[in-house]
Structure formats: C-alpha cells, structure tokens
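Chain residues, written in single-letter form:
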Amino acid sequence: MAPADRAVVVVALSLLYLCRAIFSTEFFSALTFAEGEHGCGPPSEWEEYAADCETAVLQLEDPDCEEGSSPPCESVFSLNAEKILSQARLFVEQRRFPFPVDDHNTNEELAIGYVLIGNGLYDEAIKHFSLLLQGDPELVSAMYGRGIAYGKKSLQDIKNADLALYELSRVITLEPNRPEVYEQRAEILSPLGRISEALSDLTKAIQLQPSARLYRHRGTLLFISEDYVAAMEDFQQSLELKRNQPIAMLYKGLTFFHRGLLKEAIETFKEALKLKSDFIDAHKSLAQAYRELGDFDNAMESFQKALLLNQNHLQSLQLRGMMLYHHGSLQDAIGNFKRCLQLEPYNEVCQYMKGLSHVAMGQFYEGIKAQTKVMLNDPLLGQKASSEYLKVKYLREYSRYLHSHLDIPVAEYNVDQDLPGNFKNHWAKNLPFLIEDYEEQPGLQPHIKDVLPQDFESYSSRRAEANLYGGSSRVSDAVQHIWVSAQLTHTESYGSGHH
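Cut-offs applied
Residues numbered from 1 in each chain as written. Predicted model: local features only at pLDDT ≥ 70, side-chain atom pairs only at ≥ 80, totals over all residues. Heavy atoms only, no water. Helix = DSSP H or I, 4+ residues; strand = E, 2+ residues; numbered from the N terminus. Buried < 20%, exposed > 50% of the residue type's maximum accessible area, 1.4 Å probe, protein only. Areas by Shrake-Rupley, 256 points an atom, 1.4 Å probe, with all protein chains shown as cover. pLDDT = per-residue confidence, 0-100. Contact = heavy atoms within 4.5 Å. Core = buried A, V, L, I, M, F, W, Y, C linked by side-chain atoms within 4.5 Å. Disulfide = S-S within 2.5 Å. Phe/Tyr/Trp six-rings, centres within 6.5 Å; stacked < 30°, edge-to-face > 60°. Lys NZ or Arg CZ within 6 Å of the ring centre and 35° of its normal. Expected span 1.5 Å × (residues − 1). Arc of directions from axis to C-beta. Salt bridge = Lys/Arg side-chain N within 4 Å of Asp/Glu carboxyl O. Axes fitted to C-alpha atoms, helices over the stretch in contact; angles between N-to-C directions. Parallel < 35°, antiparallel > 145°, perpendicular 65-115°, else oblique. Left-handed = near helix turned anticlockwise from the far one by under 90°. Nonpolar A, V, L, I, M, F, W, Y, C, P; charged D, E, K, R; others polar. Polar contact = N/O pair within 3.5 Å; in protein donor to acceptor, adjacent residues only side chain to side chain.

### What about the overall build of the chain?
Part 1 of the reasoning: Regarding its fold elements, the chain presents 23 helices and zero strands.
Part 2 of the reasoning: Within the chain, the proportion of its 499 residues that are buried is 52%.
Part 3 of the reasoning: With the model as given, the accessible surface of the chain reaches about 24,100 Å², and the carbon-plus-sulfur share is 50%.

In structure tokens form, the structure reads like this:
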C-alpha cells in the first residue's frame, strides 16, 4: 500500500490521552493498560485512577517536537500521513507490536494496523488487516490484530465477540505458547458470562509465564464467581510478584470482607491506603468494614476522607446515607441521599432510601413521593428487577397504612390483622408484589397531617421521655410502627452498587 493510499484511513486520527492506551510491550492486553508502576487496575472499573497509571505505553508523540516549543506540540494524529508512517516505523524499530516477521515492509504494514486500533478506528483496522491476510492467510500478527479490533467492537454487537474469539483461537492454534493470546481471549469470554472458559485460559497463561497481572486478572474473575478463598490466594500471589498494587490489595481485602473476616479486611484496606493514600475505594471499603463492626465513628471518618477526595463520589454518599439511616440520624441520611440524587437522579437505591427515611421521620408525603419514583423505574424487557423496585410497593402500601392510622391510638388497630398474612412474608423475602385479592391502602388523606418534627434537645430529659414514649402520643404510635417498617425494609448495607 503506497503512502498516498494510506492517507485515506489515517488523516482523521486523533490521539486519546488515557491510561487505557493500547500500545504496550504486553501486546494489547486490556489489563496490561492498567499494569502501571503503581498497580493501576482495569480501566473499566477504575476510571478515576487512570491519570495515575504509568503503563509501558508507547507515547504517540511527534518525535521532532520539543516541549515548550512555539507553536505548541500537536498530537501525531492531527498531522499528516507521513507522521503516521513515521510512528509506525518507530513501532517497527522498537518491535513494539505482536508477532513481527522478517520482512520489514510487512512489519510496517502491520504496525499501521495497530496504530489504527490504538486510535479507536476499529473498522479501518479490520479492513487493513483483512487486506494483509488476503496476501498471506497465515500472517499471525494480522490475525491477532483483527481479533483485537473485533474484540474492541464486541460491546456494540455480540457477533463481533464471536469473530474475535475465532481469530484468537486461530492464533492459539498456530502459536500455542503465547500467554498474551490466552489472556486476550479470556477478556472476550468473561463479559459473555463464559467465566469457566476464561479462567481456563488464564490458568494456561499463568502456566506459560506467571505474572502479577495474570494472577490479579484470574483473582478478579474468581472474586466475581464468589470463590473468595481462591481469589484471595491469587491476589496474594500477585502481590508477592509485585507489591505496589493498591487495587490488588483492595480486592484481597474484599475477599476477607465477603467471608466475614472484618478485622483482616480492615488491616488489608489500610495496607492498600499505605500504597495509595488517595485511594477513594479503599477509604469507602474501610468505612464499610468499620460499619459492619459497629464502629460508627471510624466508619464516618473513613467516609469523610473518601468524600474529601471527591465530594461527588456517588457510592460513598449512598453508603454513608444508609449507615446514617440505620444509626438513626435520619435528617443527615436524607441529606446524603438528596446529594446522591442530584448527581444521579434515577439512582434507585438513593431514591428508595430517601423515601424510607422520610417515612421513618413521619414525613409521609415526601416519603411516598420518593417511593412512587422508584415504582416508575420499570425494568426493561429481560432485565432483572432491582431489590429496591421489588420492595418499594410493600413500603408504599405500609406507609399509606401508617398514615391512615396516625390519629388512631395504637391499641385500637393491629397491622397483622389489617394486612394480609403474606404481606410481611413476601416483603421480607423480596418477592414480587403478587398477593391474591389484595386491596390497596387509601391514598394520603389531606385531613391527616404528617408527624411534626420533635426537638427533644430543648426538653428536659423527663419531658422528652414522656413525649417519646407516651401511650396517647401520635408520635409514639407512628414511631412504633415505623420501627417495624425499618426492620422489614433493611437494605443490604454493602452490596448495593459497590462494584
């Protein structure tokens, strides 16, 4: 292909300055992009740490441009085709593309294909490699490059994943002792749910050439499979080969957390923070471990550190709000959920917990309004309904029931008799709201007012007790039944939205 012809596919290239850049000495493994000196993890999971990654990436810069020059340096891909060719030649000289051959011109053509992949022009890369394969059907590097390009497009169309697997399997047949190809195939298999096959490929890659990255990758899949003991062993192996990996340390801590080994989890999260003091997910996970131990103060301190690093960190706001709710600090909890919903208006967990918190304070109008918003988030066809979506109908019905009985002494009605026997049973089991012959509770009645906020701090201790526990107080009646609601609607404190 003449240089003039190449201009058609390279003139529009623009460089993506991200840690997930493609070109690396490990030949385009997705986890390799995250294999920096500071142990950065898969970019799909750890976007906020991309700037900290120091990958073995070929920087696509103009080799003739000096920093601080005038005019300022431009991306190579904003220049002409000759600059692209010079970059491809640099690839060839440094042998920084996979499966080079003896012929210099062929290597240059292959390098151009990988330049196209690196800039996200996957269709052009596929066409380029296909032309090369027409001339030499056994050109392994072209097969591998085309497989990578199809793999990058696999999120758009499942057919691309099948094509990627086909190409990578051909490469393995011709080059069965190259660990990076097994890892690349595993990265296509795992999003398809073919975890056991992906694990088999990673095990083969480890047998061929163990590395910290491969152990971490396999450990992550084992973690997803909930095999926490095996996952912990892999993360430990990874850390022994390369200590400075805060993400591997975090995941090791999470394997302890999910096994109920909270003290071990706390110590491991602290180790992750020694490696990376501004690691938000480690602060957040440490807070959750403290919370599970009942150490509210240390949990609050860790959540605060996470939010000081990023005041818009959604999961920290959500989880701190849930902790405050269960601690009884309802107004503070609502503040966290409101902030969460400002950042993500359709967050079901925050919307559900905001509604629950309002109801627990006797603010039924605001509570039911928030609950109704969750009910409107119908799952798409084939999509699994969220836990909050399944529970919210029960909560709304129970909230209506409580509101309609606010002005009735608690001794004069019985929730167990007034609601069907299956109501609490189905609610506790998180079953869909399918109760035979159920009659909906009446909507909010304008003449029944919400419970007014009580400022017990301004009362004497004896008067406060009388107001809180007095048998004739509508506040007392509401509190007693809302407490039952809180027990029934105990939301999973760690699982929601953590990974």
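### Observations concerning the confidence of the model for the chain
Part 1 of the reasoning: Scored by pLDDT, the chain has a mean of 78; 74% of the residues are at 70 or more.
Part 2 of the reasoning: Low confidence marks residues 73-79, where pLDDT is under 50. Its contacts with residues over four positions away, or in another chain, come to 24 contacts.
Part 3 of the reasoning: Scored below 50 in pLDDT, residues 468-476 makes 15 contacts in the model with residues more than four places away or belonging to other chains.

### Focus on the nonpolar core
The tendency in soluble globular proteins is for nonpolar side chains to be buried as a group.
Part 1 of the reasoning: Ranked by size, the top nonpolar core spans 115 residues in total, and within it F129, Y144, Y352, M353 and F423 carry the most contacts.
Part 2 of the reasoning: Of the residues forming this core, the biggest block, eight residues, is contributed by helix α11 (residues 246-258).

### Points about the state of the cysteines
Part 1 of the reasoning: Applying the stated criterion to the full structure yields one disulfide.
Part 2 of the reasoning: What pairs with C340 in a disulfide is C350, and their sulfur atoms sit 2.1 Å apart. One disulfide, between C340 and C350, carries an S-S torsion of 90° and so falls in the right-handed class. With C340 in helix α16 (residues 330-343) and C350 in helix α17 (residues 348-360), the pair connects residues that are ten residues apart, well separated along the chain.
Part 3 of the reasoning: For C350, a relative accessible area of 0% corresponds to the buried category.

### Regarding the packing of aromatic side chains
Part 1 of the reasoning: Inspection of every chain in the model, using the stated rule, returns 16 aromatic pairs.
Part 2 of the reasoning: Between F423 and Y438 the ring centres are 6.2 Å apart and the planes differ by 25°, which places this aromatic pair in the stacked class. With F423 in helix α21 (residues 421-428) and Y438 in the loop between α21 and α22 (461-469), this pair connects stretches of sequence that are 15 residues apart.
Part 3 of the reasoning: Taking the relative accessible area as the measure of exposure, F423 reaches 0% and is therefore buried.
Part 4 of the reasoning: Overall, Y438 belongs to the buried group, its relative accessible area being 15%.
Part 5 of the reasoning: An aromatic cluster of three or more residues is present, and its members are Y394, Y398, Y401, Y413, F423, W427, F433 and Y438.
Part 6 of the reasoning: Here the basic side chain of K393 rests over the ring of F433, its NZ or CZ set 4.5 Å away from the ring centre.

### Description of helix α18 (residues 364-375)
Part 1 of the reasoning: Given a rise of 1.5 Å per residue, twelve residues ought to cover 16 Å, and the 16 Å separating the end C-alpha atoms of α18 matches this to within 8%.
Part 2 of the reasoning: Among the residues of α18, those classed as buried are F364, G367, I368, A370, Q371 and V374. Buried residues of α18, seen end-on, are gathered within an arc of 160° and therefore sit on one face of the element.

### Let's talk about the side chain of T268
Part 1 of the reasoning: Its place among the elements puts T268 in helix α12 (residues 262-275).
Part 2 of the reasoning: Using a relative accessible area of 7% as the deciding quantity, one classes T268 as buried.
Part 3 of the reasoning: Residue contacts for T268: discarding those within four places in its chain leaves M249, K252, G253 and F256.

### Let's talk about helix α8 (residues 195-208)
Part 1 of the reasoning: Across its 14 residues, α8 extends 20 Å between first and last C-alpha, which sits within 8% of the 20 Å expected from 1.5 Å per residue.
Part 2 of the reasoning: Buried within α8 we find I195, A198, L199, D201, L202, A205 and I206. Burial along α8 is one-sided: seen end-on, the buried residues are contained in an arc of 160°. Exposed residues pointing more than 90 degrees away from the buried face of α8 are listed as S196 and Q207.
Part 3 of the reasoning: Packing partners of the buried residues in α8 comprise α7 (179-189) and α9 (212-224).

### Observations concerning the side chain of S302
Part 1 of the reasoning: Position of S302 relative to the elements: it lies in helix α14 (residues 296-309).
Part 2 of the reasoning: Leave out the neighbours within four places in its chain, and S302 touches H283, L286, A287 and Y290.

### What to know about the pattern of salt bridges
Part 1 of the reasoning: Under the defined criterion, the tally for this structure stands at 19 salt bridges.
Part 2 of the reasoning: Notably, a salt bridge pairs R170 with E167, separated by 3.2 Å at the nearest N-O pair. One end of the pair is R170 and the other is E167, both in helix α6 (residues 158-174) and three residues apart, which spans about a single turn.
Part 3 of the reasoning: On the basis of relative accessible area, R170 is assigned to the partly exposed category, the value being 23%.
Part 4 of the reasoning: A relative accessible area of 3% means that E167 is categorised as buried.

### Re the packing of α14 against helix α15 (residues 314-327)
Part 1 of the reasoning: Running from amino to carboxyl end, α14 crosses α15 at an angle of 155°, the nearest separation of the two axes being 10 Å. In terms of orientation, α14 and α15 fall into the roughly antiparallel class. You can see that α14 and α15 cross each other, and the crossing is left-handed. Residues F296, A299, M300, F303, Q304, A306 and L307 of α14 lie in contact with α15, whose contacting residues are S316, L317, L319, R320, M323, L324 and H327.
Part 2 of the reasoning: Taken together, the residues that form the contact of α14 with α15 break down as ten nonpolar, three polar and one charged.

### Quick look at the environment of E180
Part 1 of the reasoning: Of note, E180 is situated in helix α7.
Part 2 of the reasoning: Overall, the relative accessible area of 10% leaves E180 in the buried class.
Part 3 of the reasoning: Separated by 21 residues in the primary sequence, E180 and D201 place their C-alpha atoms 9.9 Å from one another.
Part 4 of the reasoning: At a separation of 2.9 Å, a polar atom in the side chain of E180 contacts the side chain of R178.

### Some thoughts on unusual backbone geometry
Part 1 of the reasoning: Not every positive phi belongs to a glycine, and E226 is a case in point at roughly 65°.
Part 2 of the reasoning: Secondary-structure assignment places E226 in the loop between α9 and α10 (228-241).
Part 3 of the reasoning: Since its relative accessible area comes to 56%, E226 is described here as exposed.
Part 4 of the reasoning: Of note in this structure, D437 is not a glycine but carries a positive phi near 60°.
Part 5 of the reasoning: As for its placement among the helices and strands, D437 is situated in the loop between α21 and α22.

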